[in-house]
Amino acid sequence: MKRIGLFVCWCGSNIGGVVDVPRAVQEAGNFPGVAYATDYKYMCSEPGQDMIVKAIEEHNLDRVVVASCTPMLHEPTFRKTIARAGLNPYMFEMANIREQCSWVHSQEPEKATKKAIALIRRALAKVSKVEPLFESYIPLTKRTLVIGGGIAGIQAAIDIADNGHEVILLEREPTIGGKMVKLDKTFPTMDCSACISTPKMVQVAQHPNVKLMTYAELTEVNGYIGNFEVTIKQKARYVDHSVCTGCGICTEKCPTKVLSSYELGLGTRKAIYIEFPQAVPNKPVIDPENCRYLKTGKCGVCAKVCPTGAIDFEQKDEFITEKVGSIVVATGYDLFKWEEVYGEYGYGRYKDVITGLHFERMVNASGPTDGKIKRPSDGKEPKSVVFIKCVGSRDENKGKTYCSRACCMYTAKHAHQVLEKIPDSNAYIFYMDIRTPGKLYDEFYRRTALEGAQYIRGRVSKVYQSGDKLVVMGTDTLLGRPVQVEADMVVLATAMVPSEGADKTAQLVGISADKDGFFTEAHPKLRPVETMTGGVFLAGTCQGPKDIPDTVSQSSGAAAKVSALLSKDELATDPMISSINEKICSGCLACKAVCPYKAIEEKKISEKVRGKVVERVVASVNTGLCQGCGCCTVACRIGAANLKGYTNEQVIAEVDALCL
Amino acid sequence: MRYAYYPGCSSDTTGKEYEATVRIVCKNLGIELVDIPDWSCCGATAAHGKSHLLNTALPARNLALAEEMGLDVVTPCAACYQQLATANKEMKENQQIAEKVNQATGKNYQGTIKVKSIVEVIGSLEPDIIKAQMVKPLKGLKIAAYYGCLMVRPPSVTGFDDAENPMFLDNLMRLAGAETMDWPHKTECCGGALQVSNEHIVVKLLDKIYKEALKSGANCMVAACPLCHFNLDGCQSTCNRLLGTTYEIPIFYFTQLLGLAMGLNQQELQFNSHFTDTRKVLKLVG
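Everything numeric in this text was worked out from a predicted model, so none of it was measured.

A.B. asks: Please give an account of the overall build of chain B that cites residues and values.
C.D. replies: Within chain B, the regular secondary structure consists of 15 helices and 8 strands. Scaling as 2.2 N^0.38, a compact globule of 286 residues should have a C-alpha radius of gyration of about 19 Å, and chain B matches this with 19 Å. Seen through its principal axes, chain B has C-alpha atoms that stretch 55 × 45 × 30 Å. Burial analysis of chain B (286 residues in total) assigns 55% to the buried set. Entry remark: accessible area of chain B is about 12300 Å², with carbon and sulfur atoms responsible for 52%. Taking the 27 positively charged and 29 negatively charged side chains of chain B as two groups, their mean positions are separated by 4 Å.

A.B. asks: So what's going on with unusual backbone geometry? Residues and values would help.
C.D. replies: All names here are of chain A. Put simply, Val280 and Pro281 share a cis peptide bond, and its omega is 0°. In this structure, Pro281 sits in the loop between β15 (272-273) and β16 (285-286). At Cys390, a residue that is not glycine, the phi angle is positive and equals roughly 55°. Along the chain, Cys390 turns up in strand β21 (residues 384-391). Residues other than glycine seldom take positive phi values, yet Leu589 does so here, at roughly 65°. By the secondary structure assignment, Leu589 is in the loop between β31 (578-580) and α17 (590-594).

A.B. asks: Go over the interface of chain A and chain B with me, naming the residues and quoting the values.
C.D. replies: Facing the 13 residues of chain A at the interface are 10 residues of chain B. Carbon and sulfur atoms make up 40% of the area that chain A and chain B hide from each other, which totals about 900 Å². Between Lys462 of chain A and Glu188 of chain B there is a salt bridge, with the nearest N and O atoms lying 2.9 Å from each other. One can count 7 residue pairs in polar contact (both at pLDDT 80 or more) joining chain A with chain B. With 4 residues, strand β24 (residues 460-466) of chain A is the largest single contributor of residues to the side of chain A that touches chain B. When the residues that make up the side of chain A that touches chain B are grouped by side-chain class, the tally is 4 nonpolar, 5 polar and 4 charged.

A.B. asks: An account of the sheet that holds strand β12 (residues 227-234) of chain A is requested, with residue identities and associated values reported.
C.D. replies: All names here are of chain A. The antiparallel open sheet is built from 3 strands, whose spatial order is β11-β12-β17. What marks the edges here is a single partner per strand, and that holds for β11 (216-224) and β17 (318-324). Neighbour-to-neighbour, the strand axes of this sheet turn through a mean angle of 20°, independent of strand direction. Note that β11 and β12 share 8 bridges and pair antiparallel. From the neighbouring strand, Gly223 faces β12, where its bridge partner is Phe228.

A.B. asks: Residues and numbers for the packing of aromatic side chains, please.
C.D. replies: Within this structure, the stated rule accounts for 21 aromatic pairs over all chains. Ring plane angle 25° and centroid distance 4.0 Å describe the contact between Tyr293 of chain A and Phe313 of chain A, whose orientation is recorded as stacked. Taken together, the positions of Tyr293 of chain A in helix α10 (residues 292-296) and Phe313 of chain A in the loop between α11 (301-305) and β17 put the pair 20 residues apart, joining distant regions of the chain. The exposure class assigned to Tyr293 of chain A is partly exposed, which follows from its relative accessible area of 31%. On the basis of relative accessible area, Phe313 of chain A is assigned to the buried category, the value being 14%. Relative to Tyr247 of chain B, the ring of Tyr210 of chain B has its centre 4.9 Å away and its plane inclined at 50°; by these criteria the two rings are tilted. With Tyr210 of chain B in helix α10 (residues 199-215) and Tyr247 of chain B in the loop between α12 (236-243) and β8 (251-253), this residue pair connects regions lying 37 residues apart in the sequence. Given the relative accessible area of 0%, Tyr210 of chain B is considered buried. Through a chain of ring-to-ring contacts, the aromatic side chains of Tyr81, Tyr147, Phe160 and Phe168 of chain B assemble into a single cluster. The ring of Tyr333 of chain A carries Lys179 of chain A above its face, with NZ or CZ at 5.1 Å from the centroid. Across the ring face of Tyr215 of chain A, the terminal group of Lys235 of chain A is positioned such that the distance to the ring centre comes to 4.8 Å.

Analysis parameters
Residues numbered from 1 in each chain as written. Chains lettered and ligands numbered in written order. Predicted model: local features only at pLDDT ≥ 70, side-chain atom pairs only at ≥ 80, totals over all residues. Heavy atoms only, no water. Helix = DSSP H or I, 4+ residues; strand = E, 2+ residues; numbered from the N terminus. Rg over C-alpha atoms; globule rule 2.2 N^0.38 Å. Buried < 20%, exposed > 50% of the residue type's maximum accessible area, 1.4 Å probe, protein only. Areas by Shrake-Rupley, 256 points an atom, 1.4 Å probe, with all protein chains shown as cover. Lys, Arg positive; Asp, Glu negative; His and termini not counted. Charge placed at Lys NZ, Arg CZ, Asp CG, Glu CD. Contact = heavy atoms within 4.5 Å. Buried area = accessible area lost by both parts, 1.4 Å probe. Salt bridge = Lys/Arg side-chain N within 4 Å of Asp/Glu carboxyl O. Polar contact = N/O pair within 3.5 Å; in protein donor to acceptor, adjacent residues only side chain to side chain. Nonpolar A, V, L, I, M, F, W, Y, C, P; charged D, E, K, R; others polar. Pairing = 2+ DSSP bridges. Axes fitted to C-alpha atoms, helices over the stretch in contact; angles between N-to-C directions. Phe/Tyr/Trp six-rings, centres within 6.5 Å; stacked < 30°, edge-to-face > 60°. Lys NZ or Arg CZ within 6 Å of the ring centre and 35° of its normal.

As structure tokens, then:
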């Protein structure tokens, strides 16, 4: 006879305030096989768990149901609890009477109680059918792929490498550094951004455990946690970096000048170029779209002047396969394409309407204007600068619904820089709300306001060019009046959006993204750096808009998770995976067609039929690849595919308990 | 190409020359306009402040009449267009209002027709069809095309190319051989509805529009609405009187200029009915 223990949780008033818990215990306790039933205020707390352990011993229980919250939150907790009492951790089932009952039916306690009882009976029916399951172990590769060489990827790579594990740091641009290295100063301390990020770039590149791959992109990911196989495309640089010394003669002599995308079009570079003087690696690449030789076969000046013969016009893209045990995704952000939707700000037709990132380049001493704030149209110093916040953020009509978090602070910084660098200047900031939570953040904003930055609460309805001025029409909602400002330059605080190609990365790596394209963490509060895919972690703005301190913290968090994973020699695998009953499998392989993890293979078996040996094909599950999704069990016509922990028999018992 | 034609109330008063040139130009381009029999006021400028039901019922009656003709409606006036198009959307999407309105009008509007502006109808013709009629290119005209605030807004009702920087009127004028200017106030409000009651507000709005048109290098403006035109053309002198400005910008209907490019004589095009002198700029065309 089965001996089930039933433990119903009040979750304080979360469940107990709606569901009549004692009644649920009493009624569900009558279910056949229940040897012991009780309730407690917080079942997940230490006394609650002890209660379960004690009851298992005292009442000789062989399986347990806990009715409380979602299994996503506490299933692992309670499995460990019953294991402590000597039971197999899989002799356990949870009934979710919080998220799926009390929280959604708080206005109807009577019905909620009935539903809770039904949900508990379901769990009891299932637990009557469960069997012990055992984890198996697989080896793991102690290397990590970090995708993205911005500050998030750099920090994660350094931390993982410092923990003694190998890292491949992948960056699609010719240099690492990302957005941070383009910035001038960082709020609120006004540290020079390059001064604090370039040493990190050097540190990661020189780290003995780090393999740096720049100008390279991820093209394929196979495998699973602990055993990924990734394919990386090394784009042709047309420069052999193993012999190049980075002397720079080639870039000096190259006759082709194009707009620099690194400088956001504010400056120029050559067709053979190093993006900026502190780039890592500090060696050039050739831009094939603009190189005269690659386009027409004539020129080749760089090859003629190169003292080491490093120029190689024959170089081709190369595909490299690497084995890694975990992946950190740190693909960062791009700016919202405001030019496509904000007609009221001129669709990008006015040269002196720029983004905050343009401003950063302009005010940066190593930028295209040597740190002088000059407006793009005529190079004049702007005396009146208007900043517009929330361009694309918090605008459900034209942009995104979310707040981009960093803009209030960087706009305050920009206004401060205008007032500091340009004598007799005016800075006007149109805002909806000021959001400056963070250490010394609000103080920084207040200082800027006291310095004379004019904060105007209201949206801007229109910006237009009138002669050599930009006229900014808006409203001051505190005064209840329309306002009009004549500006020399307008700076837009555009929303952060996932970097271009993030959707493709998500698809390759097998992680999900939210409605805005930011990668989804496993739990918004308790598992913020993990994803729902084992072995894949998130760092930085690819998960959501954030500033540098938050990005760095999250990266270190992701690195800690990776290091914990790689500290083991082998990995326990989830035993709740599919299995095939070969006796009844007809070999139709419908399961193979639906399996999203390519975990089903063909297998030939031989068996004796009427004295003869006959060979036939059956399906077989690769236990390393199977993720236990259950698609195959649904596709199988005869029920040969069965998911351990969710067997056909168990599911039918649950349905019967709920419906009969 | 046949349309139910809704002329609107300014067609035989302040917008006579517009009405006349719309008819000639459409005829030349093969667009047949069939007047809606017994058409009535669309409610523009006044009804929406009074009652939402009234504001929908007035245009809806005309929509029902056009539906009985089995034709889509076209109107030359931006305000009429706005009224008809908004009511059409409302009648199609809001069952409750539709029932009430049908009760009030005594008609049974089914929502089977579309509402178009005359600019939209002409502008959607194949460019070659229009070009074939252009015998006298509008050389020397530097036009600030003025769309007004009603024709392109809100985008969910009107569906023109762009509510912030529309181009369809510019494109038509370019087909006629004129140069059009990139200027910022294409869709700023001219205050047409306040012309009589709030002169001091109107002149400020006009002043902004004139100033930007001239700054862009324009030597004339083009309108596609009898209210805008009456305001821009007729109130220039008021603006000059009250603000001490010296504006003298010829304001044309776009159909007048298309007619001119088609080789029609100035008598037919009725340039002489304008308040602001058009002769100087028309000399440029020859």
